[in-house]
Amino acid sequence: MLLEKHFKVGGWTHTFRRNNYEWDVGIHYIGEVHKPWSPIRRLFDRISDGELKWHKMDDNYDRIIFPDKHYNFICPKTRFIKELSDYFPDEKQAIQDYIQLIDQSVKTGVSYFGNKALPNLISNLSYPFMTRKFMSFAGRTTYDVISGLTKNEKLTGVLTGQWGDHGLPPRQSSFAMHAMVARHYLDGGNYPIGSARRIAETITDVIEKQGGKVAVNAGVDEICVKNGSAESVILENGDKLSAPIIISGSGILNTYGRFLRNHPHSKKFKERLKKVQQTESFICLFIGLNKSAQDLGIKNTNLWIYPGYDHDKNVSNYQSDQEAEFPVVYVSFPSAKDPVYQEKYPNNATMEAITLAHWSWWDKWGNGAWKKRGDEYEAEKENLSQRILNKVFKHVPKAKDALDYYELSTPLTVKSLANYPLGEMYGINHTPKRFKQRWLKPKTEIKGLYITGQDMFTVGVSSALLSGLATVSSILKKNMFKTL
Ligand SMILES: Cc1cc2nc3c(=O)[nH]c(=O)nc-3n(C[C@H](O)[C@H](O)[C@H](O)COP(=O)(O)OP(=O)(O)OC[C@H]3O[C@@H](n4cnc5c(N)ncnc54)[C@H](O)[C@@H]3O)c2cc1C
């Protein structure tokens, strides 16, 4: 049985509609699934019974934009290297070395993440040699590693131009996380045909076909533990459901910080949570245009708009002054990525534009209910919407005349609808310290209780999915990765 707090299943993979528009909320592109033999594609095929289909984006999957120049990330890898070497002819060797390093880092992750799924005794004994190589990448910041390859700050700013995909600028993020994201997309991006909601729709069909049940509006409030074993959950409506095995995929803050609040070790669990930090939140402007992407000549390349090459400085300027330039505006074009969007919604197009937001700027309005937070809140949303639209129109001028609808989500929206306590964008931060947390693994010290999802592995739908396979491996005491 799957218990979902929201009125729709899918977490960040679901979509929503307003008027005649439909937007995704947390899926903009997924790498590797266009290759039928890739483990991620095979896993998606398995859990959707082959019903989930993918559309490859244009080869130019990302564009990194600075005030003086923009840089295209073009697949495949050989083309990426060539393009970047053309932008930075003196840095050819550094670019090649960089590609080698991200390859190495990702390869060493296989045994690091595999270790999490092993039975405790074997996992502990093998931990040092299964994780050492990976930790030599994960234990250093992205900036630290890249500055060992090049002193060219512009090249560094470009190579780290996808930092928004994991949430931390280069001086704070773990290089291993950076490498996973960069390599994931080196062969291009893909989008689910029929939009992101097809992920949950196809998987739900398979769960139900196998006799499983899926319940929405079924928020869990507590996990009950008796004689050291997890034995039931209490729902927010007071219902109690028993199960021999309980898996929590709703984030470690909810699991350890809330669901186990009455456990005798709750203090220890809360102490443990202090070793990780929650990611920043974000605001997202959902935009509806009254002409199709094709009519507007809009492509599906993601835009990353930056005020300067030093991402850490951009972020800290903004964190200390909300009126400072946005440290990033990421623009995605979901209707242009989905080849069947137009069948359902002819003559319109959708866009999304995202930037960071700090929880403390918004929590003063937190007491109001969703959509009823008052005039001041609405005025702040309007102010930010206009600031974002100005940025968007500068880089997508054709969107201005076709603008028909916009709506801003805030950190409070994220808390209300995705249940991340501080409106976190990506669960917990991908710092070097995060990767040292050995307790971030499927099997908890409570018998019958397991965790899964992005907090256990890393951000990203593919990673959250692989973490599911690790959890299943741990429960069945069988290496399920070998079955792919
Ligand atoms: C704006 C944005 C853009 C993104 N873009 C991409 C992208 O382009 N590509 C990519 O690969 N990844 C992307 N991601 C990341 C990706 O969406 C996530 O890493 C992934 O979906 C996390 O999956 P999860 O199952 O771990 O968590 P979630 O998707 O958050 O699922 C957790 C589920 O638990 C439910 N829940 C919470 N509390 C309770 C409770 N008390 N009881 C019952 N249920 C509960 C939630 O409602 C939710 O359905 C993006 C994320 C965001 C926010």
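Residues numbered from 1 in each chain as written. Predicted model: local features only at pLDDT ≥ 70, side-chain atom pairs only at ≥ 80, totals over all residues. Heavy atoms only, no water.

Trainee: Where do I start with the site of the ligand in this structure?
Mentor: In the vicinity of the ligand there are 31 residues, among which Glu4, His28, Val220, Tyr420 and Gln454 approach most closely. Here an oxygen atom of the ligand and a backbone polar atom of histidine 28 are 2.7 Å apart. The fraction of the free accessible surface of the ligand (1000 Å²) that becomes covered by protein chains is 91%. Only helix 9 (252-259) and helix 18 (461-476) provide two or more residues apiece to the shell around the ligand. Here the shell around the ligand is built from residues that sort into 18 nonpolar, 11 polar and 2 charged. (Near = heavy atom within 4 Å. Polar contact = N/O pair within 3.5 Å; in protein donor to acceptor, adjacent residues only side chain to side chain. Areas by Shrake-Rupley, 256 points an atom, 1.4 Å probe, with all protein chains shown as cover. Helix = DSSP H or I, 4+ residues; strand = E, 2+ residues; numbered from the N terminus. Nonpolar A, V, L, I, M, F, W, Y, C, P; charged D, E, K, R; others polar.)

Trainee: Just to check I follow, could you spell out the packing of helix 3 (residues 92-116) against helix 7 (residues 175-185) for this structure?
Mentor: Geometrically, a packed helix pair is captured by the angle between its two axes and the distance between the axes. Axis separation between helix 3 and helix 7 bottoms out at 9 Å; the angle between their running directions is 105 degrees. Classified by the interaxial angle, the pair formed by helix 3 and helix 7 is roughly perpendicular. Here Tyr98, Leu101, Ile102, Asp103, Ser105, Val106, Lys107 and Phe113 of helix 3 come into contact with helix 7, specifically with Phe175, Ala176, His178, Ala179, Met180, Ala182 and Arg183. In the contact of helix 3 with helix 7, the residues fall into 10 nonpolar, 2 polar and 3 charged. (Axes fitted to C-alpha atoms, helices over the stretch in contact; angles between N-to-C directions. Parallel < 35°, antiparallel > 145°, perpendicular 65-115°, else oblique. Contact = heavy atoms within 4.5 Å.)

Trainee: I tried to follow helix 7 on my own but got confused; where do I start?
Mentor: Counting along an α-helix, one turn takes 3.6 residues, and residues three or four places apart therefore face a common direction. Taking burial as the measure, the 11 residues of helix 7 include 10 buried ones, the bulk of the element. Every buried residue belonging to helix 7 is among Phe175, Ala176, Met177, His178, Ala179, Met180, Val181, Ala182, His184 and Tyr185, and all of these are buried. (Buried < 20%, exposed > 50% of the residue type's maximum accessible area, 1.4 Å probe, protein only.)

Trainee: Help me understand the pattern of salt bridges in this model?
Mentor: One side chain can pair with another of opposite charge once the charged atoms of both are near each other. Scanning all chains against the criterion turns up 23 salt bridges. A salt bridge links arginine 261 to aspartate 221, with the shortest nitrogen-to-oxygen separation between them at 2.8 Å. Of this pair, arginine 261 sits in the loop between helix 9 and helix 10 (266-273) while aspartate 221 sits in strand 9 (residues 220-226); the two residues are 40 residues apart in sequence, bridging distant segments of the chain. Relative accessible area serves as the criterion here: at 19%, aspartate 221 is assigned to the buried category. A salt bridge links glutamate 445 to lysine 268, with the nearest nitrogen and oxygen atoms 3.4 Å apart. (Salt bridge = Lys/Arg side-chain N within 4 Å of Asp/Glu carboxyl O.)

Trainee: Sorry, what's going on with the sheet that holds strand 10 (residues 229-235) here?
Mentor: Strands sit in the order 9-10-11 across an open sheet of 3 strands; the sheet is antiparallel. Two strands close off the open sheet at either side, each with one partner strand: strand 9 and strand 11 (240-242). Taken pair by pair, the neighbouring strands of this sheet meet at an average axis angle of 30 degrees, ignoring direction. For strand 10 and strand 11, the ladder comprises 3 bridges, and the chain directions are antiparallel. Counted as the bridge partner of isoleucine 234 is lysine 240 from strand 11. (Pairing = 2+ DSSP bridges.)

Trainee: It is not clear to me how unusual backbone geometry should be interpreted in this structure. Could you clarify?
Mentor: Across residues other than glycine, the phi torsion is negative in most instances, and most of the peptide bonds are trans. The omega torsion of the bond from cysteine 75 to proline 76 falls at 0 degrees, within 30 degrees of zero and hence cis. With phi around 45 degrees, asparagine 19 is a residue other than glycine that occupies positive phi space. You can see asparagine 19 is positioned in the loop between strand 2 (15-18) and strand 3 (21-24). Located in the positive-phi region is lysine 477, a residue other than glycine, with phi close to 55 degrees. Mapped onto the elements of the fold, lysine 477 is located in the segment after helix 18.

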